[in-house]
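Report on the structure
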Amino acid sequence: MAEPPVMRVFINNINSFSSGHIAEFLCEREAAARDHTDVQEVAALQVVGTVSERPHEDAPRALEVYFVGEHLLNVKAARPDREELLSKLMQCDAVIYNVSQETGQVEEAAWAVTALHGLMGSFSGPKMFILISTVMTWASSKPVDPDDPTLPFTDEIFWSRKAHPNFARHIDLEKRVAKMGKTNRELFSTYVVASGLQYGMGENLFHYFFKKAWLGQEPEVSVFGDGDNIVPTIHIRDLASPFVFSVIQHVIHHRPRPYYLLAVDGSNNSMEEIIKAMASTLGSGKIHKRPIEEALLVQDLSATDIDYLLVSLRMEAVFIRKLFSISWHCESGLVENVDLVVEEYRQTRGLLPIRMCVLGPPAAGKSTVSKQICQHYKLHYITLRDAVSEAIAQLEDSVNLDPEADDSTMKDLLSSLKDSMKHNKDVSENQLKALKEKLMSNPCRNQGFVLDGFPNTYEQAKEVFSGAEEDDETPHKASFRRVVPEFVFTLDAPDNLLVDRVMNLPESVVQEHNYHPENFTKRLATYRKMNTLEETVLTFFTELDIPSWRLEITSSKEAYNQPLIQKILQTVGPPRSYSPSRQEVEEEERRKAEEMMKEEALAKAESERREAEEEEARRRASRLEKWSRCLKVVRRQKEEPLKAEALSYLKREVMPTLVQALSECCRVQPPDPVDFVAEYLIKNNPSDKPA
């Protein structure tokens, strides 16, 4: 069997959103076509391209990559200049320059098509040049029929198009590309594909709105302007597969005459409809119209992005439908396929929810552990009581909005939920329904949740997650599968340790959780009894092949639970949420820098205070020592005359009498010498003698 023809295709900026997906889908489509077609009819594509920065590990597959751009450093091969790049382009059978989003590539694309045209005489075979441009070159066009604004623009009247003022270079490039292909179409054919606003596969232009709706930090998603503008769109997979691939393959065999093609789907949705659809699927469904000027304050939107989002064009791709038999991915547009597009967005960006259930006996520390997990993964903390309270508040709001409305079902439900909360009755069907609706809410389905301390029985688990164990793919069953926990953790501890925990709890916590001794003992016994039944909560999760982990608590103090939490984090793995944006990282770094500066200032002030205190202590000690020396001198000066006078008195008055007493004592030798001397001194006291 003959080897299939090999076609070498060049794509610029292969690591960008648009060109990267085109390269990837071209490879996929070529492989799929070869699997279902005679290999001699399908050329084997070798995709090569340039990047503005070094490609990462998951960059699109390419035979070669030529590094260009100002930001590239320390590459093995030197960046090619235009002469070297031209030599690479000459080795390719098809050259694709995508300027639909890369406005900085307009000049290079104009140079490339002109340079190739100048070297036609050196071609070893036919070549084609495909420019992927933008519908913004139609943005200022006059209506097809002023009396019928619903009449769409088509590529059959491309000659009448007029560009947006900021895209004048694009329409000049389109005209140059078309002109270069008219010299010898058999040798060098050129085509212009005007792309609608691209969406899908993680989003690029619409990412700001998807992210806002997914995060849910604001109750409403913004629509800039009145939102009535009709936005021509196309899924990035449809741009790559039906248009680019079909153009390349079709040109090889048929060399079609139309060289200007519109690449838009059949939706013609307004901007308000698009944002409303993504807000309803990912968020609360609420939108808020804001002045166009406020879009300039959004750091995630460039001036070019704003131009795209404000375009209003009703368009129809006529040539592509006439010429090619294509299989669309999202022919009816973003709004009609919003569920598919949202799922692509989640999968591509790794924004998968983490659903978790934390079970265990009373006072096991479930709430503390659950809240710390929520804080780490940015999940929603869910309890049965909170879910019911939220449902009551929503029902009360609905009743208050129209108190005269005759909706007995809503009022009965509200009364039932209030009664169950007030009297602390067993879990009712309405309470389980409220919890189920909370778990199915968009915030829980986006980020995920930690369900604290519920369900308690097999029947409750089956009621809350009913339908999840079925195998059919109906939307109802699939939606329930999205709320079934992926991870089930059971905290447990001996009864005496749990009792010790309760004894050490603050009184306010005991009151809040009703951990009074008699009630706690009863609840603990009930929990132990339920877990000896044949069908338990863990049995339900086991039947669904959901893994569960039992974690032993070894201390009565919650502060010692950190190793347990670390084990949970290791089991669950890294977060599946958004990494901080550059702005958030810079803000966090600035906050940390400010905190560090404050800490350093406080430490410096504390150090200066201590030094001042130490210096004052040294000065005080020095003054005390000096004062003590002076005091000793004064005392010595006062004591010396007194000592001299006392010594003189002793020599003059006392010593003579004492000598006589001692001499007399020696002569008499009395039995008690001391008494004898004392009596002698008393009798012969000089002070008693008359002067």
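Data block above holds the structure.
First things first, this report covers the structure right here in the doc. In this text the structure is predicted, and so the values were computed from the model without any measurement. (Residues numbered from 1 in each chain as written. Predicted model: local features only at pLDDT ≥ 70, side-chain atom pairs only at ≥ 80, totals over all residues. Heavy atoms only, no water.)

Before going further, it helps to examine a nonpolar patch on the surface. A cluster of nonpolar residues, L647, Y649, L650, M655 and V659, forms a patch on the protein surface that exposes about 450 Å² of accessible area. Mapped onto the secondary structure, V659 falls in helix α23 (residues 582–668). Residue class for V659 comes out partly exposed when judged on its relative accessible area of 47%. (Patch = residues over 30% accessible without salt bridge, like charges linked within 9 Å, V, L, I, M, F, W, Y side chains within 5 Å. Areas by Shrake-Rupley, 256 points an atom, 1.4 Å probe, with all protein chains shown as cover. Salt bridge = Lys/Arg side-chain N within 4 Å of Asp/Glu carboxyl O. Helix = DSSP H or I, 4+ residues; strand = E, 2+ residues; numbered from the N terminus. Buried < 20%, exposed > 50% of the residue type's maximum accessible area, 1.4 Å probe, protein only.)

What follows deals with the pairing of strand β4 (residues 94–98). For β4, the buried fraction is high: five of the five residues fall into the buried class. As paired strands, strand β1 (residues 6–11) and β4 are joined by three bridges and run parallel to one another. Paired with F10 across the two strands is V95, which belongs to β4. Here β4 pairs with strand β5 (residues 127–134) via five bridges, running parallel. Across the sheet, residue Y97 finds its bridge partner in β5, namely L131. Read as a crossover between parallel neighbours, the route from β4 over helix α3 (residues 106–118) to β5 is right-handed. (Pairing = 2+ DSSP bridges. Right-handed = clockwise from strand over helix to strand, strands pointing away.)

Bringing unusual backbone geometry into the picture now. Omega for the bond connecting F454 with P455 falls within 30 degrees of zero, at 0°, which places this linkage in the cis form. Assignment of secondary structure puts P455 in the loop between β18 (448–452) and α16 (458–464). The backbone phi angle of N268 is positive, close to 55°, even though this residue is not glycine. Among the structural elements, N268 can be located in the loop between β12 (260–263) and β13 (269–270). Of note, the phi angle at A363 is positive, near 70°, even though the residue is not glycine.

Following both chains from N to C, one finds helix α18 (residues 495–504) and helix α20 (residues 517–530) inclined at 150°, their axes separated by 12 Å at the closest point. Regarding α18 and α20, the two cross each other, and that crossing is right-handed. Each of D495, L498, V499 and V502 in α18 lies in contact with α20, whose residues at this interface are F520, L524 and R528. Classifying every residue of the contact of α18 with α20 by side-chain character gives five nonpolar, no polar and two charged. (Axes fitted to C-alpha atoms, helices over the stretch in contact; angles between N-to-C directions. Left-handed = near helix turned anticlockwise from the far one by under 90°. Contact = heavy atoms within 4.5 Å. Nonpolar A, V, L, I, M, F, W, Y, C, P; charged D, E, K, R; others polar.)

Taking 1.5 Å per residue, 13 residues should reach 18 Å; helix α4 (residues 168–180) reaches 19 Å between its end C-alpha atoms and fits that length. For α4, the elements touching its buried residues are α3, β5, β7 (188–195) and β12. (Expected span 1.5 Å × (residues − 1).)

The subject of this paragraph is the sheet that holds strand β19 (residues 487–492). Ordered in space as β17-β18-β16-β19-β20, the five strands form an open sheet in which the pairing is parallel. What marks the edges here is a single partner per strand, and that holds for β17 (380–382) and β20 (548–552). Each strand of the sheet is rotated relative to its neighbour by a mean of 20°, with strand direction disregarded. Of the strand pairs in this sheet, strand β16 (residues 354–359) and β19 are connected by four bridges, and their pairing is parallel. Its bridge partner being in β19, V358 is matched across the sheet by F489.

A cluster of acidic residues, E459, E534, E535 and E543, forms a negative patch on the protein surface. If you trace the backbone, E535 turns up in the loop between α20 and α21 (537–543). (Lys, Arg positive; Asp, Glu negative; His and termini not counted. Charge placed at Lys NZ, Arg CZ, Asp CG, Glu CD.)

Between helix α7 (residues 271–282) and helix α10 (residues 338–349), the shortest axis-to-axis distance is 10 Å and the interhelical angle comes to 65°. At the point where α7 passes α10, the crossing takes the right-handed sense. Counting all contacts with α7, which are made through A277, M278, T281 and L282, the residues of α10 involved are V338, D339, V342, Y345 and R346. Classifying every residue of the contact of α7 with α10 gives six nonpolar, one polar and two charged.

Tracing the sequence through the fold places N98 in strand β4. Within the local environment of N98, its side chain forms a polar contact with the side chain of S18, the two groups lying 2.7 Å apart. A polar contact is formed between the side chain of N98 and the side chain of S19, at a distance of 3.3 Å. Not counting residues up to four positions away in its chain, the partners in contact with N98 are N12, S18, S19, I22 and I132. (Polar contact = N/O pair within 3.5 Å; in protein donor to acceptor, adjacent residues only side chain to side chain.)

This next bit is on the packing of aromatic side chains. The final tally for this structure, using the stated rule, is 21 aromatic pairs. Seen from their ring centres, F167 and Y308 are 5.5 Å apart, and the 70° between their planes marks the pair as edge-to-face. Pair noted here: F167 is in the loop between β6 (153–154) and α4 and Y308 is in helix α8 (residues 303–309), with a separation of 141 residues, a long-range link. The pair F167 / Y308 is uniform in exposure class, with both members buried. Taking 5.6 Å as the distance between ring centres and 70° as the angle between the ring planes, the aromatic pair formed by F540 and F541 counts as edge-to-face. Grouping residues by exposure puts F540 and F541 together as buried. Clustering of aromatic rings is evident, with ring pairs tying together W138, F153, F158, Y259 and Y260. (Phe/Tyr/Trp six-rings, centres within 6.5 Å; stacked < 30°, edge-to-face > 60°.)

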